[in-house]
Amino acid sequence: MQSFDLNNIWEHILQEAKKNMQHLPDALYLRVTSSLIPMSLESHSIHIGVMQTFVKNLIDQQPQISKALQDAITTVIGSHRDMVLFDFNQESVDTTFVDESLIDTPVVAPPMPLPPIVEEKAHQEEFYTPVYQDPVYIDRAPAPVEIPDEPMVTTPKKSTETTPTLQSDNVPVDLSLSNLNPAYRFDNYVTGNANRIPFGAAQNVAEFPGGDYNPLFIYGPSGLGKTHLMHAIGNAIKENHPHMKVMSITSENFMNIFVETLQRNQGKLFRNTFRNIDVLMIDDIQFLESRESTKTELFNTFNELLNNNKQIVLTSDTMPNDMEQFEDRLRSRFQAGYIATMENPDLETRIAIFRSLLEREYKKNRIIRIDNDSINYVALQFSENVRVLQGAFTKLIGTASIDQRLESIDLEYTKHALAGLVHTEEVNMVNIESIQNFVSSYFNIKKQDLLGKKRKAQFAFPRQIAMYLCRDMINESYPQIAAAFSRDHTTILHAYDKITKEIEKNEETKRMVAEIKQKLTTCG
Ligand SMILES: Nc1ncnc2c1ncn2[C@@H]1O[C@H](COP(=O)(O)OP(=O)(O)OP(=O)(O)O)[C@@H](O)[C@H]1O
């Protein structure tokens, strides 16, 4: 097949080039070579895509590197070919509308000759470069709330890139230079029951790309963190396996590049680019459902990558079975690996996400004092998805900053600041008092017995459940819970520990606690 022949040739070129680049530090050599993707071999030239601007600058500015590569090309191919580099980050795709019906016929690549290279075309192709931009985030669902403040996560600007010199001994892996969002990492992804399994699968992929979870299909409704997890995989692979070529792309960009390359009669470039990478990650794959020509190319790309044990990661808000416009063969490809389902995070996880957002603010040396009731209120009220929760957080902190209330955010102020975002009925507040009230009525005992000293199991067990919930559900501090139950804080620690273990080994306790949590947040 064409792409793998070229790939093979390129591997030989790199091996040859290595002999001439021994003066380079290993890390720099690895970084340069892992950033280069062979795209096409013409009668007078070889076209190489460069995934990182920094590497392109380096090759342009360091004659030793460009000469090493150029000489290797000549040696391996047996005759001179000009090395033409294209920076994926600099070139732009003209995404003007193209009538896809005009290009629906799948393009069949001419067979690729084996080395020594025979001219494959009479004319020189006008070269066109696909572009891999930072992911485009698409808000498909109608915005449930108006979130005027700036997004919490920003990608560092490319202008901050620097060109290290050849003398550098240790070239750090700067993730901001790749097409992955460096802000999306495993260590800032909050896990809970709703996403523990996808998180585990994602970590496995990051450690063993091309292993058991291939393709990894991350499924879940909008705003639950699929894109975050996908980029976290990519970032971790770049760290764990720096030689691997990782491509993360939205389905929109995948399609635009495909349409554009076909329009310019350069399907070959498309194929070589996408089939010469080690990890292909496509966000929101469901958007490709209605694109006939792209689907065929997607299928071919899939086959080639999977047959060569390359890793594929997809995200989608639709299950493969429900994407009826994809043919069976493609759907079964999606299902062949592992489907990880994301669910809406529960209250505890939402509180943990809120706290992780606070942590991020603390790291910027911002002093914020916010009481637990406020955190619980936001986590309860903005439960639709994580993006909505983040929006509420941003709005609250932004408003408090203007009002100079950052150091005294209480429940009343929180309700006032977020009033414009709350469209639904007010939710029930969950706090120590509401937990005590609910647990007493659930177990049909008097509140004074719940709080009292009687040791009979009919009172002691509900009491320990209530103490556990104050910690687990709303993250109250042990001293505060102790004060509310007129106990020592070690009693609360003991109760928390006991119920945690009980939940692990006793299905009935597990079911009961889940039911109480669910009822507490939905009824009075
Ligand atoms: N578990 C989590 N921990 C930390 N942040 C999260 C978590 N889940 C989601 N987020 C954050 O929520 C925001 C929305 O997540 P993301 O864009 O990954 O969702 P998505 O499922 O891909 O949505 P869509 O289907 O609309 O593309 C991001 O800023 C992400 O960092």
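Predicted model, so just to flag it, every value in this text is computed and none were measured.

(A) Up close: the pattern of salt bridges. Overall, the coordinates contain 19 salt bridges when judged by the stated rule. Asp472 is paired through a salt bridge with Lys517; the nearest N and O atoms lie 2.7 Å apart. Placement of the pair is Asp472 in helix 17 (residues 457-472) and Lys517 in helix 20 (residues 507-522), with a sequence separation of 45 residues. Each member of the pair, Asp472 as well as Lys517, is classed as buried. In this structure, Glu515 and Lys519 form a salt bridge, with 3.9 Å as the shortest nitrogen-oxygen distance. Of this pair, Glu515 and Lys519 both sit in helix 20, 4 residues apart, which is roughly one turn of the helix. Take Glu515: its relative accessible area is 25%, and that puts it in the partly exposed class. Connected via shared salt-bridge partners are Glu508, Arg511, Glu515 and Lys519.

(B) Expanded view of the site of the ligand. Taken together, 20 residues surround the ligand, and among them Val190, Ser222, Lys226, Thr227 and His228 come closest. In the model, a nitrogen atom of the ligand is placed 2.8 Å from a nitrogen or oxygen of the Val190 main chain. In this structure, Lys226 approaches the ligand through a side-chain N or O atom, which is 2.8 Å from an oxygen atom. Burial of the ligand by the protein amounts to 96% of the accessible area it has alone, namely 640 Å². Contributing elements (two or more residues each) for the shell around the ligand: helix 6 (226-240) and helix 13 (386-402).

(C) How the structure looks around the sheet that holds strand 4 (residues 216-219). The 5 strands are arranged 5-6-7-4-8 in an open sheet whose pairing can be described as parallel. Strands at the two margins of the open sheet, each flanked by one partner only, are strand 5 (246-250) and strand 8 (338-341). On average, adjacent strands in this sheet sit at an angle of 15° to one another, irrespective of strand direction. Contacting strand 4, strand 5, strand 6 (279-283) and strand 7 (311-316), helix 6 runs over the sheet at an angle of about 165° to strand 6. Strands strand 5 and strand 6 of the sheet are contacted by helix 7 (residues 251-263), whose axis makes an angle of about 95° with strand 5.

(D) Structural context of the nonpolar core. One finds Val378, Phe382, Leu396, Ile409, Ile435 and Leu469 to be the most contacted residues of the largest nonpolar core, which totals 60 residues. The biggest single contributor to this core is helix 13, with 8 residues. Among the domains, domain 3 (347-421) and domain 4 (432-522) are the pair contributing at least three residues each to this core. Setting aside chain neighbours within four positions, we find Ile435 in contact with Val430, Ala466, Leu469, Cys470, Ile474 and Leu520.

(E) Region of interest: the UniProt feature "binding site: ATP" (unreviewed entry) in the chain. Residues annotated in UniProt with the feature "binding site: ATP" (unreviewed entry) correspond here to Gly223, Gly225, Lys226 and Thr227. Looking at the secondary structure, you find Lys226 in helix 6. A residue is classified by how much of its surface remains accessible, and Lys226, at 6% relative accessible area, is buried. Dropping the residues within four chain positions of it, Lys226 is found in contact with Ile218, Tyr219, Gly220, Pro221, Thr315, Ser316, Asp317 and Met342. Side-chain polar atoms of Lys226 contact the backbone oxygen of Pro221, separated by 2.9 Å. Among the secondary structure elements, Thr227 is positioned in helix 6. By relative accessible area, Thr227 is classed as buried at 14%.

Definitions and limits used
Residues numbered from 1 in each chain as written. Predicted model: local features only at pLDDT ≥ 70, side-chain atom pairs only at ≥ 80, totals over all residues. Heavy atoms only, no water. Salt bridge = Lys/Arg side-chain N within 4 Å of Asp/Glu carboxyl O. Helix = DSSP H or I, 4+ residues; strand = E, 2+ residues; numbered from the N terminus. Buried < 20%, exposed > 50% of the residue type's maximum accessible area, 1.4 Å probe, protein only. Near = heavy atom within 4 Å. Polar contact = N/O pair within 3.5 Å; in protein donor to acceptor, adjacent residues only side chain to side chain. Areas by Shrake-Rupley, 256 points an atom, 1.4 Å probe, with all protein chains shown as cover. Pairing = 2+ DSSP bridges. Axes fitted to C-alpha atoms, helices over the stretch in contact; angles between N-to-C directions. Contact = heavy atoms within 4.5 Å. Core = buried A, V, L, I, M, F, W, Y, C linked by side-chain atoms within 4.5 Å. Domains from an automatic or database assignment. UniProt positions renumbered as here; feature names shortened; annotations may be inferred.

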